[in-house]
Amino acid sequence: MSSDAITAAPTALDHPAPAPGEEQAAHGIGASLPQAEARAKTEGTFPYASDLWAEGLLWAALLRSPHAHARIVSVDTSAAAAMPGVRAVVTAADVPGAATYGRRVADRPVFADGLVRHHGEAIAAVAADHPDTARLAAAAIHVEYELLEPVTDPEKAFAAEALHPDGNLIRHIPLRFGDPEATGEVVVEGLYRIGRQDPAPIGAEAGLAVPRPDGGVEIYTASTDPHTDRDLAAACFGLPPEQVKVVVTGVPGATGDREDPGFQIPLGLLALRTGCPVKLTATREESFLGHSHRHPTLLRYRHHADADGRLVKVEAQVLLDAGAYADSSSESLAAAVAFACGPYVVPHAFVEGWAVRTNNPPSGHVRGEGAMQVCAAYEAQMDKLAAKLGLDPAELRMRNVMATGDILPTGQTVTCPAPVAELLAAVRDFPLPPLPKDIPEEDWLLPGGPEGAGEPGAVRRGVGYALGMVHMLGAEGTDEVSTATVRVQDGVATVICSAVDTGSGFSTLARQIVQEILGIDEVHVAPVDTDQPPAGPAAHGRHTWVSGGAVERAAKMVRTQLLQPLAHQFGMSTELLQITDGKITSYDGVLSTTVTEALDGKELWATAQCRPHPTEPLDDAGQGDAFVGLAFCAIRAVVDVDIELGAVRVVEMAVAQDVGRVLNPAQLATRIEAGITQGVGAALTENLRTTRGLVRHPDFTGYALPTSLDAPDIRIVKLVEERDVVAPFGAKAASAVPVVTSPAAVAAAVRAATGRPVNRLPIRPQAAVAVPNS
């Protein structure tokens, strides 16, 4: 069956320009151009994978393990296969190609084969003519298990029996920088634990697989890295990549790897087995059990400082719980170790980092991975130092902040703008919100919500600071490259680039770039599929940089094609012509025409690539130029804490951020606000709890996302536009660094309010109850 059988709205996967009058007159770089699909999303007409349908559709369901660790003695599918309406049942024995997959390390089986390593691991998949039939058939599969003792403590994983043929240790990074004998006059120590945050997408995973006449398959899903997903699926199907096509549907938000191949590969296998289109829409429980989460992390720190509060040495141990499989744990560990000292000048640093396998739920890429966990720990250490030295927490930080030209503990020189002192000063000097005594009692929102049980007299206010940093693009030798084509025909421009817009606004940015360079108002961004050249994953702000850079270069090539005939006619170079507001003019005013007239029915197009400068892996001492660029953020949190109940309300978050250049003010503000809100969730409520490796409440009643009542007032007090000269447009990643910084700021404010150490995230109520006489 061809993809023509797929039905949805006519422009289901397109990002068209808004109709005339739907947007403000301003366009191009620097304008607050609205997202093209915003209206369709708000009206509920924007189609996602769960909305797709095809003639002859079958429905899929997965059988998942109820155990965290078990040996599979036998799998009996006969009862399921005999049920009326069931068209296929597949297990590990039915995978025709590679039995395992993985975006970084191919260690995760398509279906558990002989051994279950985590709760919710896929055992089998069923295709049937009705979704209820598929679910009943999956439940009818009989699996005999021999239960094994799960390894759930990452500290015990080192000595435990190997959970995987590759062993339990995924990676060890021993960072060595400076003199190991160096000591400071003041020393503080701490032990910190960070919980398991889930990406918690509002739309659960879904997909549609359609068999092709050539024996291949097309998969329609909300992939954030379609070419990698295609290659992984093709290997498991035993097919060449050209026989597998991934078409990206609408992405209902992404703060990590949006679609795990563990959903896509069984779907494609069923379509190939039945010869029919097969659809899978995950339940919320399946979504929690199947995809990756933020790494739970154990951190031990020792900070040395002199009597004036200047850092001398940082010693740290960082242990990431990767869960059952490797996924992106190696990259997360590299970020955690490299940024373990934060955006501070540290002459001597010694960090040991490990990522280990356990029988806990799988961990992987979630926005700010690695950097968020260490930020919470090193900022807690800075508060301890400030208290021990009798210094204001902001002043202590100011004495140690990093600047351009300083050296990271990895030995890499910070060559990009690093205005950390300016960011800290901005939030420190911003006026504080009014105290509750200055607000009418009926307008005072107590911790715990409008109907909170607390008493006003038990509420204490706290102010805390945090500085965070993230890297942009891939690291440690990752080959970052993206390709884009810009085509102009009949006065309309089309951008063809397989960069997936996960809510980051790339499709809007691509329109703005073309508008800026070519002076054409109507710009479309084509649907994304794997027939286009690869653009890489949607992570670390890379599409703003790499894919935006490719669009810019292609548009400039088209601009040259447009201007060359005019320049030749008037005997001048194209550099002497400019395009402004749809008009082409020369430096001397001799030439003046419109872009429409210059096009005169021509079809122009160009394809270009963008590839940033290369990086290198960290060596055996944790040294190397591993990162393309860095972004920084400062946040001041103000919280109210009921010191009797331990309830916390975040009153205000003041943020100053290093953004390089503002490309779309409205979108940038939205990204920062969303990142801070996600960070508040990590600080106060979000923790996917497990007991002996079993997820206790895989739903939104047991996993508490922040609501509108939990979201604080967010004040963007300063955006530093010091352009990074190696980045297209000079812009930096915007959404990850507030996620990294905000949990640490909230924890610092709770410490200030209660006098408690607050060494665990999310903050539990008992940790926010003040000590007597505090």
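The following refers to the structure shown.

### Overview of the overall build of the chain
Move 1: On a plain count of helices and strands, the chain comes out with 15 helices and 31 strands.
Move 2: In terms of C-alpha radius of gyration, the chain reaches 27 Å, essentially the compact-globule figure of 28 Å for 774 residues.
Move 3: Across its three principal directions, the C-alpha atoms of the chain cover 80 × 75 × 60 Å.
Move 4: When burial is assessed residue by residue, the chain has 60% of its 774 residues classed as buried.
Move 5: Summarising the internal contacts of the chain: among those between residues at least 6 apart in sequence, 80% fall at separations of at least 24.
Move 6: A total of about 28,700 Å² of accessible surface is found on the chain, and carbon and sulfur atoms cover 51% of it.
Move 7: Measuring between centres, the 61 positive side-chain charges of the chain sit 4 Å from its 94 negative side-chain charges.

### Details of the nonpolar core
Considering soluble globular proteins, one finds that nonpolar side chains tend to be buried as a cluster.
Move 1: Tyr301 and Val746 are the most contacted members of the largest nonpolar core, which has 156 residues in total.
Move 2: Contacts of Val746, omitting those with residues within four sequence positions, involve Ala637, Val639, Val650, Met653, Val680, Ala683, Leu684 and Ile763.
Move 3: One finds Val90, Val110, Val217 and Cys276 within the second-largest nonpolar core, a separate group that totals 31 residues.

### Observations concerning the sheet that holds strand β9 (residues 169-177)
The strands that make up a sheet are held in pairs by hydrogen bonds between backbone atoms, and each pair lies either parallel or antiparallel.
Move 1: Within the open sheet, the six strands sit side by side as β9-β17-β16-β15-β10-β31. Their pairing is mixed. The sheet is open, and its two borders are formed by β9 and β31 (760-761), each paired with just one other strand.
Move 2: As judged from the eight bridges shared by β9 and strand β17 (residues 348-356), these two strands associate in the antiparallel manner. Bridging from a neighbouring strand, Phe177 pairs with Ala349 of β17.
Move 3: Against the sheet, helix α8 (residues 371-389) engages β10 (186-194), β15 (297-305), β16 (311-321) and β31, with an angle of about 145° to β10.

### Digging into unusual backbone geometry
Move 1: Omega for the bond connecting Leu761 with Pro762 falls within 30 degrees of zero, at 0°, which places this linkage in the cis form.
Move 2: When you line up the elements, Pro762 lands in the segment after β31.
Move 3: Within the chain, Asp327 stands out as a residue other than glycine whose phi angle is a positive 45°.
Move 4: Positionally, Asp327 belongs in the loop between β16 and α7 (329-338).
Move 5: In the Ramachandran plot, Phe729 falls in the positive-phi region, its phi being about 70° despite a non-glycine side chain.
Move 6: Tracing the sequence through the fold places Phe729 in the loop between β30 (713-720) and α15 (736-754).

### Re empty space enclosed by the protein
Move 1: Summed over the entire model, instances satisfying the criterion amount to seven cavities of 30 Å³ or more.
Move 2: Quantified by volume, the largest cavity comes out at close to 630 Å³.
Move 3: Breaking the lining of the largest cavity down by element, the ones donating at least two residues are β18 (459-475), α11 (506-518), α12 (542-569) and α14 (665-684).
Move 4: In the lining of the largest cavity, the residues fall into 18 nonpolar, 15 polar and six charged.

### Concerning the packing of α8 against α15
Move 1: Contact geometry of α8 with α15 gives a least axis separation of 8 Å together with a crossing angle of 30°. By the angle between their axes, α8 is roughly parallel relative to α15. Crossing of α8 against α15: the hand is right-handed. Of the residues in α15, those in contact with Ala371, Met372, Cys375, Ala376, Glu379, Ala380 and Asp383 of α8 are Val739, Val740, Thr741, Pro743, Ala744, Ala748 and Arg751.
Move 2: Across the contact of α8 with α15, the residue classes break down as ten nonpolar, one polar and three charged.

### Concerning the layout of surface pockets
Move 1: Of the voids in this model, the largest pocket is the one considered here, and its volume is about 1,200 Å³.
Move 2: Only β10, β15, β27 (647-658), α14 and β31 provide two or more residues apiece to the lining of the largest pocket.
Move 3: The element that contributes the greatest number of residues to the lining of the largest pocket is β27, accounting for four residues.

### Concerning the packing of aromatic side chains
Move 1: Throughout the structure, instances matching the rule amount to six aromatic pairs.
Move 2: Seen from their ring centres, Phe288 and Tyr703 are 5.4 Å apart, and the 55° between their planes marks the pair as tilted. One end of the pair, Phe288, is in helix α6 (residues 284-290); the other, Tyr703, is in the loop between β29 (694-695) and β30, with 415 residues separating them in the sequence. As far as the burial class goes, Phe288 and Tyr703 line up, both buried.
Move 3: With centroids separated by 5.0 Å and ring planes inclined at 35°, the aromatic side chains of Phe339 and Phe627 adopt a geometry described as tilted. With a gap of 288 residues between them, Phe339 in the loop between α7 and β17 and Phe627 in strand β26 (residues 627-642) connect regions that are remote in the sequence. Of the two residues, Phe339 and Phe627, neither departs from the other in class, the shared state being buried.
Move 4: Three or more aromatic residues joined by ring pairs form one cluster here, namely Phe288, Phe700 and Tyr703.

### Quick look at the packing of α11 against α12
Move 1: Taken N-terminus to C-terminus, the directions of α11 and α12 make an angle of 30°; their axes are 9 Å apart at the nearest point. In this view, α11 runs roughly parallel relative to α12, as classed from their interaxial angle. Seen from above, α11 lies across α12 with right-handed handedness. On α12, the residues touching Phe506, Leu509, Ala510, Ile513, Val514, Ile517 and Leu518 of α11 are His543, Thr544, Ser547, Gly548, Val551, Glu552, Ala555, Lys556, Val558 and Arg559.
Move 2: Partitioned by chemical class, the residues of the contact of α11 with α12 number ten nonpolar, four polar and three charged.

### What to know about the pattern of salt bridges
Move 1: Under the definition given, this model contains 35 salt bridges.
Move 2: Between Glu146 and Arg71 there is a salt bridge, with its nearest N and O atoms 3.5 Å apart. Of this pair, Glu146 sits in strand β8 (residues 142-147) while Arg71 sits in strand β2 (residues 70-76), placing them 75 residues apart in sequence.
Move 3: Judged by relative accessible area, Glu146 falls into the partly exposed class, the value being 38%.
Move 4: Residue Arg71 is classed as partly exposed on the basis of its relative accessible area, which comes to 37%.
Move 5: Measuring nitrogen to oxygen at the nearest pair gives 2.8 Å for the salt bridge that ties Arg302 to Glu189. Here Glu189 lies in strand β10 and Arg302 lies in strand β15, a separation of 113 residues in the sequence.
Move 6: Relative accessible area serves as the criterion here: at 31%, Arg302 is assigned to the partly exposed category.

### Here's the deal with the sheet that holds β2
Move 1: Pairing within the open sheet is antiparallel, and its three strands lie in the order β6-β2-β8. Looking at strand neighbours, the two that pair on one side only are β6 (115-116) and β8, the edges of this open sheet.
Move 2: When β2 meets β8, the two strands line up antiparallel, connected through six bridges. Within β8, the residue paired with Val75 across the bridge is Val143.

### Observations concerning a negative patch on the surface
Move 1: Side chains of Glu616, Asp619, Asp620 and Asp625 sit close together on the surface and give a patch of like negative charge.
Move 2: In this structure Asp625 comes out as partly exposed when scored by relative accessible area, which is 39%.

### Comments concerning the pairing of β16
Move 1: The buried fraction of β16 is high, at nine of eleven residues.
Move 2: Relative to β16, β15 runs antiparallel, the two sharing nine bridges. Paired with Arg300 across the strands is Gln317, a residue of β16.
Move 3: Hairpin geometry of β15 and β16 is characterised by an intervening segment of five residues between the two adjacent antiparallel strands and by a positive phi of about 90° at Gly309.
Move 4: Bridge count between β16 and β17: nine bridges; the pairing is parallel. Bridge assignment links Asp321 to a residue of β17, and that residue is Val356.
Move 5: Each parallel crossover has a hand, and for β16 linked through α7 to β17 it is right-handed.

How each quantity is defined
Residues numbered from 1 in each chain as written. Predicted model: local features only at pLDDT ≥ 70, side-chain atom pairs only at ≥ 80, totals over all residues. Heavy atoms only, no water. Helix = DSSP H or I, 4+ residues; strand = E, 2+ residues; numbered from the N terminus. Rg over C-alpha atoms; globule rule 2.2 N^0.38 Å. Buried < 20%, exposed > 50% of the residue type's maximum accessible area, 1.4 Å probe, protein only. Contact = heavy atoms within 4.5 Å. Areas by Shrake-Rupley, 256 points an atom, 1.4 Å probe, with all protein chains shown as cover. Lys, Arg positive; Asp, Glu negative; His and termini not counted. Charge placed at Lys NZ, Arg CZ, Asp CG, Glu CD. Core = buried A, V, L, I, M, F, W, Y, C linked by side-chain atoms within 4.5 Å. Pairing = 2+ DSSP bridges. Axes fitted to C-alpha atoms, helices over the stretch in contact; angles between N-to-C directions. 1 Å grid on protein atoms, 1.4 Å probe; cavity = no way out; pocket = protein on both sides within 12 Å on 5 of 7 lines; lining within 4 Å. Points joined across faces, edges and corners; volume = space filled by probe spheres on them. Nonpolar A, V, L, I, M, F, W, Y, C, P; charged D, E, K, R; others polar. Parallel < 35°, antiparallel > 145°, perpendicular 65-115°, else oblique. Left-handed = near helix turned anticlockwise from the far one by under 90°. Phe/Tyr/Trp six-rings, centres within 6.5 Å; stacked < 30°, edge-to-face > 60°. Salt bridge = Lys/Arg side-chain N within 4 Å of Asp/Glu carboxyl O. Patch = residues over 30% accessible without salt bridge, like charges linked within 9 Å, V, L, I, M, F, W, Y side chains within 5 Å. Right-handed = clockwise from strand over helix to strand, strands pointing away.

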